[in-house]
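Residues per chain are reported as follows:
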Amino acid sequence: MTNPLPPTTSNRTIAIAAALAPLVIAALVAFFVFRSRAHDVTVGVEGRRVVEIAGPRLAALPFTPGDALAVRIADAEPTAGGFRYDLRYMAFGPGQHDLAPSLKRPDSTSPEPRSEFAISVAALIPEDYSGELYATPTSPIDLHSRYKLYMGLAWGAWALLLLPLAWFGHKKRRRAVRVRPPPSIVDRLRLLLAQATRENLTVEQKADLEALLLAFWSNRLKLSEESVSATVERLRLHPQAGAQWNRVERWIHSPAARANGSAATTQGNIAKQLLSDFEKLN
């Protein structure tokens, strides 16, 4: 039978550390627990205690000026034979205090003294402070020195940054695409007439062509203030306008042209003639 190998140094160290770890943790917990028990809170800071008390439900006395403690019950949860209280308190002086006198039963008596009712409140100033004043070390950063100089440099740097921004915006505006104006009446007439030389126009396009022709000659002959019927009568009497208007009317409104199947031929011939007339007029 072979003997087991002796534990190595590393294994022995791990075993010792594992054995001491719970003791160290327990010591740290006890240190912080007793430290917190020594002084629950400081003056003017709200503290908390959760206490389970048998008997009827307690009530907190209202605070009156001059009281050392201000106590309130944040929550009271029923338990078997009593209540579990969430007590909140604030002390106005350092030292040992008792929460019991600030609580009352329904018969106006205070509950019996308990260890949970004893609180310790620390002062804002350490107990060993003698009142002497000490000079504080000078801060490595002095924000009060040369304030005007630093702010002037900062504003100057900010102003210099505006120069490339303004120049970039100026160049960008110069490169902006100019918006083309909407097509004029003559341009729209030419487009419709050019289309009419290639294909039949729809009813809506024919109506637009007639309206555009009327608007063109009304502006050219300064007849825009007259009614539509009066304008049409004036156009019929004009040598050039009357000839164009009559040709368009025969093309659009003549039932004979549609009946004998020659509408496409009539439309193309009239459109070419009107295009030639507009090239001469403009």
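Given the structure is predicted, the values throughout are model-derived calculations rather than measurements. (Residues numbered from 1 in each chain as written. Predicted model: local features only at pLDDT ≥ 70, side-chain atom pairs only at ≥ 80, totals over all residues. Heavy atoms only, no water.)

Peer 1: How do you make sense of the sheet that holds strand β8 (residues 118–122) when you look at a structure like this?
Peer 2: Backbone hydrogen bonds hold the strands of a sheet together, and the pairing may be parallel or antiparallel. The 3 strands are arranged β1-β8-β6 in an open sheet whose pairing can be described as mixed. The sheet is open, and its two borders are formed by β1 (41–42) and β6 (95–98), each paired with just one other strand. Relative to β8, β1 runs parallel, the two being bridged by 2 bridges. In the strand pairing of β8, V41 is matched with V121. (Pairing = 2+ DSSP bridges. Helix = DSSP H or I, 4+ residues; strand = E, 2+ residues; numbered from the N terminus.)

Peer 1: When you look at the pairing of strand β5 (residues 82–91) in this model, what are you seeing that I'm missing?
Peer 2: Looking along a regular strand, one sees the side chains alternate between the two faces of the sheet. Among the 10 residues of β5, 7 are classified as buried, and the element is accordingly described as predominantly covered. When strand β4 (residues 69–79) meets β5, the two strands line up antiparallel, connected through 10 bridges. Bridging across to β5, I73 finds its partner in L87. Linking β4 to β5, which pair antiparallel, is a turn of 2 residues; within it G81 sits at a positive phi near 85°. (Buried < 20%, exposed > 50% of the residue type's maximum accessible area, 1.4 Å probe, protein only.)

Peer 1: What's the story with the pattern of salt bridges in this structure? I'm lost.
Peer 2: What the rule picks out here adds up to 8 salt bridges. Where R236 meets E249, a salt bridge forms, and the shortest distance between an N and an O atom there is 3.0 Å. A residue pair is termed long-range when its members are at least 10 positions apart, and R236 in helix α5 (residues 228–237) and E249 in helix α6 (residues 239–253) qualify at 13 residues. A relative accessible area of 21% places E249 in the partly exposed class. Salt bridges here are not isolated pairs; linked through shared partners, they connect R48, D86 and R88. (Salt bridge = Lys/Arg side-chain N within 4 Å of Asp/Glu carboxyl O.)

Peer 1: Explain the nonpolar core here, please?
Peer 2: Generally speaking, soluble globular proteins have nonpolar side chains that are buried together. Ranked by size, the top nonpolar core spans 24 residues in total, and within it L209, L235 and W251 carry the most contacts. For this core, the elements supplying multiple residues, two or more each, are α3 (185–196), α4 (203–220), α5, α6 and α8 (263–281). The dominant element in this core, judged by the number of residues it contributes, is α4, at 6 residues. In terms of nonpolar packing, the next biggest core, distinct from the first, is built from 18 residues, F83, L87, A100 and F117 among them. (Core = buried A, V, L, I, M, F, W, Y, C linked by side-chain atoms within 4.5 Å.)

Peer 1: Would you mind showing me how to read the sheet that holds β4 here?
Peer 2: The strand order across the open sheet formed by 3 strands is β2-β5-β4, and the pairing between neighbours is antiparallel. The two strands at the open ends of the sheet, each matched to only one other strand, are β2 (47–54) and β4. Each adjacent strand pair in this sheet contributes to an overall mean axis angle of 25°, direction not counted. Sheet topology note: the β2/β5 ladder contains 8 bridges and is antiparallel. Bridged to I53 within β5 is F83. (Axes fitted to C-alpha atoms, helices over the stretch in contact; angles between N-to-C directions.)

Peer 1: Looking at this model, I keep getting lost on the side chain of S218. Mind explaining?
Peer 2: Looking at the element boundaries, S218 is found in helix α4. Within the structure, the side chain of S218 is placed 2.7 Å from the backbone oxygen of L214, a separation counted as a polar contact. Among residues more than four places away in sequence, those in contact with S218 are L223, S224 and T231. (Polar contact = N/O pair within 3.5 Å; in protein donor to acceptor, adjacent residues only side chain to side chain. Contact = heavy atoms within 4.5 Å.)

Peer 1: How should I be thinking about α4 in this particular structure?
Peer 2: Look at α4: 26 Å from first C-alpha to last across 18 residues, which is about the 26 Å you get at 1.5 Å a residue. One or two residues past the end of α4 sits K222, with phi positive at roughly 60°. (Expected span 1.5 Å × (residues − 1).)

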